[in-house]
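Chain residues, written in single-letter form:
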Protein chains: 2
Amino acid sequence: MKIVALAGGVGGAKLVDGLAKLLPPEDLSIIVNTGDDFDHLGLRICPDLDTVCYTLAGLSNPETGWGRSGDTWNCLAAIRELAGPDWFHLGDGDVGTHLVRTFRLGHGEPLSAIVSSFCVSWGIQVKVLPMTDERVSTQILTQDGNQLDFQEYFVRLLCQPAVKAIIFDGADSAEPAPGVLEAIDLADFIIFCPSNPWVSINPILSIPGIRERVIKKKVVAISPIIGGKTIKGPAAKMYQEFGITPSALAVARHYEGIIEGFIFDITDHDLKVDIERLVKKACATNTIMLDSDSRKKLAQEVLKFCLEL
Amino acid sequence: MKIVALAGGVGGAKLVDGLAKLLPPEDLSIIVNTGDDFDHLGLRICPDLDTVCYTLAGLSNPETGWGRSGDTWNCLAAIRELAGPDWFHLGDGDVGTHLVRTFRLGHGEPLSAIVSSFCVSWGIQVKVLPMTDERVSTQILTQDGNQLDFQEYFVRLLCQPAVKAIIFDGADSAEPAPGVLEAIDLADFIIFCPSNPWVSINPILSIPGIRERVIKKKVVAISPIIGGKTIKGPAAKMYQEFGITPSALAVARHYEGIIEGFIFDITDHDLKVDIERLVKKACATNTIMLDSDSRKKLAQEVLKFCLEL
């Protein structure tokens, strides 16, 4: 059973880690959001790709979900000392990743080839694909009239500005990275990880060609909203700012017409009847992934659910 | 008494640190070799400027003389993990310096302005000037026919290749950095630190205008060669490869016609008669700077020697 998972950062990384522990590596491809990618102090930073890869490689920081386990912060301290920009949390080991990536991109190597080579170095056997090799930049238009790079909004401003609209700058003319459409075409199921629908899954679907191929497949989404809230990130706040009550139902509605199956947290089991009106099959289960076992357990449920679709 | 010191890396940094502890800050300017500067993984690295500044700021690693005290190595480990170039020893804090410098250079700020701003951040009150704001690259032509960037020769190949010639690529068309000629013109004495004459002092003198101004002044050199050897670096080996017996006398001869005074180690006191034939005044003293006190003591001797010239 070939699976393609669409993933953003921490939540997506945890589920694909669970899936990677269950599936033969050749049966799992992960298409990762690169809309959050940005340049910082001359470094090209790819937050979601790094979070997914660090998690799959067992390198991730279990406390934060992002960054590297046991990392130090001397580079950032030196940047701060020199009045450089210190709002983005650059761990020392993390900087090594950014340096090598930025250097290789500067020499014309496509991001997908670099990610693939990093996966070999890190012992990751499943296929990790950036959604595109081109620059697509998620821009947050705020209700007070500013336009912000996603990381500025997310890290520097701690998601405080109210969002008016989201733009995937460059998406219209971008192409899917090599291997992306092929993986989708070969997939038996597509899984939308419990990532932010607005800024993790939407950017992937905004790349011309991806949505069209995805809707031909059996798609299952896992709700990142539990009891009206998110474990991490601004998804719930965004729904609210768009005038939609944040809930698993809102997520199911978000993906209506694309997904056949929907998995949501047991906390929200009272929404099942409403959700079942939108999708072919729905399932309430424990979707909170606190540790390696619960990642694997949710991944098992997801695979079982796919087979029953 | 206004002093201008010409300095390379570790030896020069130690002496200027001693001088900085004795002189009012407005009376000391340091012109630093930038011929060793190079690009590594997209970072502009300025080894001698950093060694001088870290030493003056009390940030330097006392074990190595270069790099930062208590630095960590997680960035380098991550680079190595990804099969990136790991031959250059990048400490994590050090990378912060390189990132901020590279970023500001990329935005068009001249190196001298960046160094000056770093000095403010680091609490350095004496004036630290790069020899030039332009790219001048010390190239080592080896006897086996290769041409190497200085850091490649120095760090990657551990100075093993025999040197045939040294080129300061770009020097002919370079201009001294703002403040360099002014500092020399105002100086009562110029001090050539116990740095490598071939690859630390020569590159500075190779910038059009600097030598011409320096020779108008009272110049005192301190020999980096003690008992035919160097404390650090390839100076002695280079003399040998050029067919010159390495000694304090060879250094005095190297600077003949430029210097009036020469200070060399007491170990070599038997060379005094020969050295006195080349310079107006010579002095054998303890030139080994093992700790902060001996730096200050040598600086005191140097200043006393200048006044007696």
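Once a new chain begins, its residue numbering starts again from 1 and follows that chain's sequence as written. As they are written, the chains are lettered A onward and the ligands numbered 1 onward, keeping that order. Reporting in this predicted model follows two pLDDT cut-offs: at least 70 for local features of residues, and 80 or more for side-chain atom pairs to be given and counted; totals over whole chains, interfaces and linings ignore these cut-offs and use all residues.

**Quick word on the overall build of chain A**
Heads up, the condition is: The helix and strand labels rest on DSSP assignments: H or I over at least four residues marks a helix, E over at least two residues marks a strand, and numbering proceeds from the N terminus. Both definitions apply: the radius of gyration is a C-alpha atom measure, and the globule rule equals 2.2 Å times residues to the power 0.38. Burial is judged by counting the other C-beta atoms within 10 Å of a residue's own C-beta: 20 or more makes it buried, 12 or fewer makes it exposed, and any count in between marks it as partly exposed, with every C-beta position built from the backbone. Our contact criterion uses C-beta atoms placed from the backbone: two residues qualify when those atoms are within 7 Å.
Helix and strand content of chain A: 13 helices and 14 strands. For a compact globule of 309 residues, the expected C-alpha radius of gyration is about 19 Å, and chain A comes in at 18 Å, within 12% of that figure. Along the three orthogonal principal directions, the C-alpha set of chain A runs to about 55 × 45 × 40 Å. For chain A, the residues scored as buried account for 54% of the 309 residues in total. Considering only residue pairs separated by 6 or more positions, chain A has 66% of its internal contacts joining residues 24 or more positions apart.

**Some points on unusual backbone geometry**
One non-glycine residue with positive phi stands out, namely L41 of chain A, at about 55°. What makes L41 of chain A buried here is the crowd of 23 C-beta atoms within 10 Å. At A83 of chain B, a position not held by glycine, the phi torsion is positive, near 60°. Looking at where A83 of chain B falls in the secondary structure, it is placed in the loop between α3 (74–81) and α4 (92–106).

**What about the relation of the copies chain B and chain A?**
Here is the rule: Least squares is used to superpose the copies, and the fit set is the C-alpha atoms of residues whose pLDDT is at least 70 in both copies.
For these two chains of identical sequence, chain B goes onto chain A by a turn of 180° and a shift of 0.0 Å along the axis, with RMSD 0.0 Å. A rotation of that kind, with that shift, is consistent with a two-fold axis. Nearest to the rotation axis, the C-alpha of D92 of chain B is located 2.9 Å from it, this being the minimum over chain B. A symmetric contact is evident, with 100% of the interface residues of chain B recurring at the interface of chain A.

**Re the environment of E134 of chain B**
Residue and element names in this part refer to chain B. By secondary structure assignment, the location of E134 is in the loop between β5 (127–130) and β6 (137–142). Here E134 falls in the partly exposed class, since 17 other C-beta atoms lie within 10 Å of it. Between the C-alpha atoms of E134 and I31, which are 103 residues apart in sequence, the distance is 14 Å. Setting aside anything within four residues of it in sequence, one finds E134 in contact with G170, A174 and E175.

**Observations regarding helix α3 (residues 74–81) of chain A**
All of the buried residues along α3 of chain A are N74, C75, L76, A78 and I79 of chain A. Here the buried face of α3 of chain A lies against α4 (92–106) of chain A together with α3 and α4 of chain B. Downstream of α3 of chain A by one or two residues, A83 of chain A has phi in the positive range, about 60°.

**Considering the interface of chain B and chain A**
Condition: When residues are grouped by polarity, Ala, Val, Leu, Ile, Met, Phe, Trp, Tyr, Cys and Pro land in nonpolar, Asp, Glu, Lys and Arg in charged, and all others, Gly among them, in polar.
Contacts between the two partners involve 26 residues from chain B, matched on the other side by 26 residues from chain A. Broken down by secondary-structure element, the contributors of at least two residues to the side of chain B that touches chain A are α3, α4 and α5 (111–122) of chain B. Residue contributions to the side of chain B that touches chain A peak at 10 residues, all from α4 of chain B. Of the residues assigned to the side of chain B that touches chain A, the class counts are 13 nonpolar, 10 polar and three charged.

**With respect to the sheet that holds strand β8 (residues 163–169) of chain B**
Residues and elements named next belong to chain B. Using the following cut-off: Following DSSP output, two strands are said to pair if at least two bridges run between them. For helices, the axis comes from a line fit to the C-alpha atoms of the stretch in contact; other axes are also lines fit to C-alpha atoms, and the angle between any two N-to-C directions lies between 0 and 180 degrees.
The three strands are arranged β7-β6-β8 in an open sheet whose pairing can be described as antiparallel. Where the open sheet ends on each side, the last strands, each with one partner, are β7 (147–149) and β8. Across this sheet, the average inter-strand angle for adjacent strands is 30°, counted without regard to direction. Taken together, the three bridges between β6 and β7 define a ladder with antiparallel strand orientation.

**Some words on the nonpolar core**
Our working definition: To count as a nonpolar core, a set of buried Ala, Val, Leu, Ile, Met, Phe, Trp, Tyr and Cys residues must be joined through C-beta atoms within 7 Å.
One finds A5, V16 and I30 of chain A together with A5, V16 and I30 of chain B to be the most contacted residues of the largest nonpolar core, which totals 206 residues. Setting aside its immediate chain neighbours within four residues, I30 of chain B contacts A5, A7, V16, V52, V126, K127, V128 and L129 of chain B.

**A word on the sheet that holds strand β7 (residues 147–149) of chain A**
Residue and element names in this part refer to chain A. An order of β7-β6-β8 is seen for the three strands of this open sheet, with the pairing classed as antiparallel. Looking at which strands have only one partner, the edges of the open sheet turn out to be β7 and β8 (163–169). The sheet shows a mean angle of 30° between the axes of neighbouring strands, taken without regard to direction.

**What about the packing of helix α1 (residues 10–22) of chain A against helix α13 (residues 292–308) of chain A?**
All names here are of chain A. Quick reminder of the rule: Angles below 35 degrees are treated as roughly parallel, those above 145 as roughly antiparallel, those between 65 and 115 as roughly perpendicular, and all remaining angles as oblique.
One can describe the packing of α1 onto α13 by two numbers: an axis separation of 8 Å at closest approach and a directional angle of 75°. The angle between the axes of α1 and α13 places the two elements in the roughly perpendicular class. Every residue of α13 that contacts α1 at K14, L15, D17, G18, L19, K21 and L22 is listed here: R295, K296, L298, A299, Q300 and L303. Tallied by class, the residues present in the contact of α1 with α13 amount to six nonpolar, two polar and five charged.

**A few points about the pairing of strand β10 (residues 218–222) of chain A**
Residue and element names in this part refer to chain A. Taking burial as the measure, the five residues of β10 include four buried ones, the bulk of the element. Note that strand β9 (residues 189–192) and β10 share four bridges and pair parallel. Each residue of the ladder has a partner; that of F189, found in β10, is K218.

**Digging into the packing of helix α2 (residues 47–57) of chain A against helix α5 (residues 111–122) of chain A**
All names here are of chain A. How we decide: Left-handed describes a crossing whose near helix is turned anticlockwise from the far helix by less than a right angle; the clockwise case is right-handed.
Axis separation between α2 and α5 bottoms out at 10 Å; the angle between their running directions is 20°. Taken together, α2 and α5 sit at an angle that is classed as roughly parallel. Like other packed secondary-structure pairs, α2 and α5 cross with a definite hand, here right-handed. Residues L49, C53 and A57 of α2 pack against V115, F118, C119 and W122 of α5. For the contact of α2 with α5, the class distribution of residues is seven nonpolar, no polar and no charged.

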